[in-house]
Amino acid sequence: MRASLRQKIVEICNSKIEKKGPSVGLSFYAFFANKNDDPELLMEAADWWIMTHKLDHFEKALKIREMVEAGK
């Protein structure tokens, strides 16, 4: 996964955790605007989420942040 996407994921996770607490869940769609303005980046995130790690649709933001920071 490209570094800019990793950084964006960590920032979004931090924001969600700060606003809603440590048990907040999210999907990979949380990292994108409602319009599909970068389909390649969206597919990169979807591939990482679904194909590589076989994650559920919603996961805890803490878990996702830890995975991304660990380079998984």
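Residues numbered from 1 in each chain as written. Predicted model: local features only at pLDDT ≥ 70, side-chain atom pairs only at ≥ 80, totals over all residues. Heavy atoms only, no water.

Caption draft 1: Layout of the overall build of the protein. Secondary structure summary: the protein contains three helices and two strands in total. Reading the helices (α) and strands (β) of the protein from amino to carboxyl end gives α-β-α-β-α. For the protein, whose C-alpha radius of gyration is 11 Å, the value lies close to the compact-globule estimate of 11 Å for 72 residues. Dimensions of the protein, computed from the C-alpha atoms along their principal axes, are close to 30 × 25 × 20 Å. With 72 residues in all, the protein has 36% of them scored as buried. Considering only contacts in the protein between residues 6 or more positions apart, those separated by 24 or more positions represent 54%. Carbon and sulfur atoms make up 52% of the accessible area of the protein, which totals about 4700 Å². Looking at charge distribution, the protein has the averaged site of its 12 positive side-chain charges lying 4 Å from that of its 11 negative ones. (Helix = DSSP H or I, 4+ residues; strand = E, 2+ residues; numbered from the N terminus. Rg over C-alpha atoms; globule rule 2.2 N^0.38 Å. Buried < 20%, exposed > 50% of the residue type's maximum accessible area, 1.4 Å probe, protein only. Contact = heavy atoms within 4.5 Å. Areas by Shrake-Rupley, 256 points an atom, 1.4 Å probe, with all protein chains shown as cover. Lys, Arg positive; Asp, Glu negative; His and termini not counted. Charge placed at Lys NZ, Arg CZ, Asp CG, Glu CD.)

Caption draft 2: A look at the confidence of the model for the protein. Overall, the predicted model of the protein reaches an average pLDDT of 94, with 100% of residues at or above 70. Here helix α2 (residues 39-52) stands out as the least confident element of the protein, with mean pLDDT 94; strand β2 (residues 59-60) is the most confident, with 98. (pLDDT = per-residue confidence, 0-100.)

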